[in-house]
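For reference, the chains in residue letters:
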Amino acid sequence: MAAEPITHPISHTELDDDPAFALHVGGKLEVRSSVPVRNADDLSLAYTPGVARVCSAIADNPELARDYTWTSRVVAVVTDGTAVLGLGDIGPAASMPVMEGKSLLFKEFAGVDSVPIALDCTDVDEIVETVIRMAPSFGGINLEDISAPRCFEIEDRLRAALDIPVFHDDQHGTAVVALAALKNAARLVGRPLSDLRAVVAGAGASGIAVSKILIEAGIGDIALSDSKGLIHEGRDGLNPVKQRIAEITNRSHLTGSTEEALRGADVFIGLSGSTVQESCVATMSDDAIVFALSNPTPEVHPDVARRHARVVATGRSDFPNQINNVLAFPGIFRGAFDAHAHTITEGMKLAAADALAAIVGDDLTADYVIPGPFDPRVAPAVTAAVAAAARADGVARA
């Protein structure tokens, strides 16, 4: 259900006193021309009659649109407003500040243009049809803040229907950054990923995607839990998405609660918004790794987790080791665009994670397993790695 409307008026004076509102006046984006229009000659080239020659050439050879329009390098940031940050289903209008923010980050961190689009529909078929009809205007689709389990079907169907990159950042951006941080955390404690048993709390978009990428990366075993406990084959009431994840996780056949699974576990990744007691973290293995990623309130406070864990990460900027999607999605799309990739493969996501992990290098410490969002090396490293992986995977057109 959509969020309840505000029933009490908020004065402009109250809003003006809040610096967040001051920053948002008029929105955070604008469109600027990339060519000058100084005189009649410029106008005749940028618009009629000169533009007609370009249109005719593209009509004869649609591939020319990649070089003579902006479509090949612009992303549609698409939401239906059903899972916005920690605010939940607040609707398309209220989601727009977040979508504008996403577009801002695309531009600031990787020089990628994008257009925020908030759809006034939540039906899967309608969303898929709408995005397919819009697709000729874009070089990529970034799905954002669409609730699970619909988000999985929407992404799968769009990936099958379109020949441009489609990427649900709530899933894959989180997964890429979490994997990069875990690779370095494992290096710090001197153990390969294949030797680690992980517990992931939360089987929504990010929890499912994190579990999948850790399996691709070779994690030893991973158990995933939702509000009803651990997911395992044979558990009643699993939806199709959870049934498929049950088939590839929890090889130890654990049942019961998240807390029970944490006994002796090496890694905890929280993506659920729930609370994990300190006593449960204390039952984890020596040199445990805890990623408490719910925002703004982690599953366990990082200061508490550090009493029992060697490495602690959160989704917050006021603690070390922030798992922040901005480390991934700008460079992933820029790399896909540079290679003219028609999709984003698992290999490209793994390459992005490797590139992020490598930036830390010899500076690795318990408080530095992932670079910060303002590290100028991040976007170029991810871009180059993703473009190379696209060519290696055979999905590049350049």
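An unreviewed UniProt entry annotates the protein chain as NADP-dependent malic enzyme originating from Actinomadura gamaensis. According to the UniProt record, the Sequence similarities (unreviewed entry) comment for the protein chain is "Belongs to the malic enzymes family."

Throughout the structure, instances matching the rule amount to 24 salt bridges. One salt bridge connects glutamate 129 with arginine 133, and the closest N-O pair in it is separated by 2.9 Å. Taken together, the residues glutamate 129 and arginine 133, both in helix H7 (residues 124-134) and four residues apart, mark about one turn of the helix. For arginine 397, the salt bridge is made with aspartate 163, and the minimal N-O distance between the two is 3.8 Å. Taken together, the residues span a long stretch of sequence, with arginine 397 in the segment after helix H17 (378-392) and aspartate 163 in the loop between helix H8 (150-161) and strand S4 (166-168) at a distance of 234 residues. Overall, the relative accessible area of 37% leaves arginine 397 in the partly exposed class. Through salt bridges with shared partners, a single network forms among Arg73, Arg334 and Asp338.

Here we come to the pairing of strand S1 (residues 74-79). Within S1, six of the six residues are buried, leaving the element largely enclosed by the surrounding structure. On S1, burial covers both faces: Val74, Ala76 and Val78 on one face and Val75, Val77 and Thr79 on the other are all buried. The sheet contact formed by S1 and strand S2 (residues 113-118) spans six bridges and is parallel. When the sheet's bridge partners are listed, valine 77 is paired in S2 with proline 116. Alignment of S1 against strand S3 (residues 140-143), held across four bridges, turns out to be parallel. The residue bridging valine 77 from the neighbouring strand is asparagine 142, located in S3.

Right, let's get into the sheet that holds S1. Backbone hydrogen bonds hold the strands of a sheet together, and the pairing may be parallel or antiparallel. Reading across from one edge, S2-S1-S3-S4 is the order of the four strands in this open sheet, with parallel pairing throughout. Looking at the sheet topology across the chains shown, the edges are occupied by S2 and S4. When strand polarity is set aside, the average angle formed by the axes of neighbouring strands in this sheet is 20°. Pairing geometry for S3 and S4, over three bridges, is parallel. Of the residues in S4, the one forming a bridge with leucine 143 is histidine 168. Of the strands in this sheet, S1, S3 and S4 are in contact with helix H15 (residues 329-338), which crosses S3 at around 160°.

So, on to a nonpolar patch on the surface. Residues Val37, Leu43 and Tyr47 make up a contiguous nonpolar surface patch of roughly 330 Å² in combined accessible area. Mapped onto the elements, valine 37 comes out in the loop between helix H2 (19-24) and helix H3 (40-46). The exposure class of valine 37 is exposed, given its relative accessible area of 51%.

Following both chains from N to C, one finds H7 and H8 inclined at 35°, their axes separated by 10 Å at the closest point. In this structure, H7 meets H8 at a crossing whose hand is right-handed. Contact residues: H7 offers Val124, Asp125, Ile127, Val128, Val131 and Ile132, while H8 offers Arg150, Glu153, Ile154, Arg157, Leu158 and Ala161.

With that settled, consider the side chain of threonine 174. Relative to the helices and strands, threonine 174 resides in helix H9 (residues 169-189). Polar contacts involving the side chain of threonine 174 include one to the side chain of asparagine 325, which spans 3.2 Å.

Bringing H15 into the picture now. Of all 10 residues in H15, eight are buried; the element is thus mostly enclosed. Taken as a whole, H15 has its buried residues at Phe329, Pro330, Gly331, Ile332, Phe333, Gly335, Ala336 and Phe337. Looking one or two residues beyond H15, the residue adopting positive phi is histidine 340, at roughly 50°.

So, about helix H11 (residues 240-248). All of the buried residues in H11 are Val241, Lys242, Ile245 and Ala246. Buried residues of H11, viewed axially, fall in a sector of 135°; they line one side. Buried residues in H11 make contact with H8, helix H10 (205-217) and strand S6 (221-226). With a side-chain oxygen lying 3.0 Å from the backbone nitrogen of valine 241, the N-terminal cap of H11 falls on asparagine 239. Remark: asparagine 250 follows H11 within two positions and exhibits a positive phi of approximately 55°.

Parameters and conventions
- Residues numbered from 1 in each chain as written.
- Predicted model: local features only at pLDDT ≥ 70, side-chain atom pairs only at ≥ 80, totals over all residues.
- Heavy atoms only, no water.
- UniProt positions renumbered as here; feature names shortened; annotations may be inferred.
- Salt bridge = Lys/Arg side-chain N within 4 Å of Asp/Glu carboxyl O.
- Helix = DSSP H or I, 4+ residues; strand = E, 2+ residues; numbered from the N terminus.
- Buried < 20%, exposed > 50% of the residue type's maximum accessible area, 1.4 Å probe, protein only.
- Pairing = 2+ DSSP bridges.
- Axes fitted to C-alpha atoms, helices over the stretch in contact; angles between N-to-C directions.
- Contact = heavy atoms within 4.5 Å.
- Patch = residues over 30% accessible without salt bridge, like charges linked within 9 Å, V, L, I, M, F, W, Y side chains within 5 Å.
- Areas by Shrake-Rupley, 256 points an atom, 1.4 Å probe, with all protein chains shown as cover.
- Left-handed = near helix turned anticlockwise from the far one by under 90°.
- Polar contact = N/O pair within 3.5 Å; in protein donor to acceptor, adjacent residues only side chain to side chain.
- Arc of directions from axis to C-beta.

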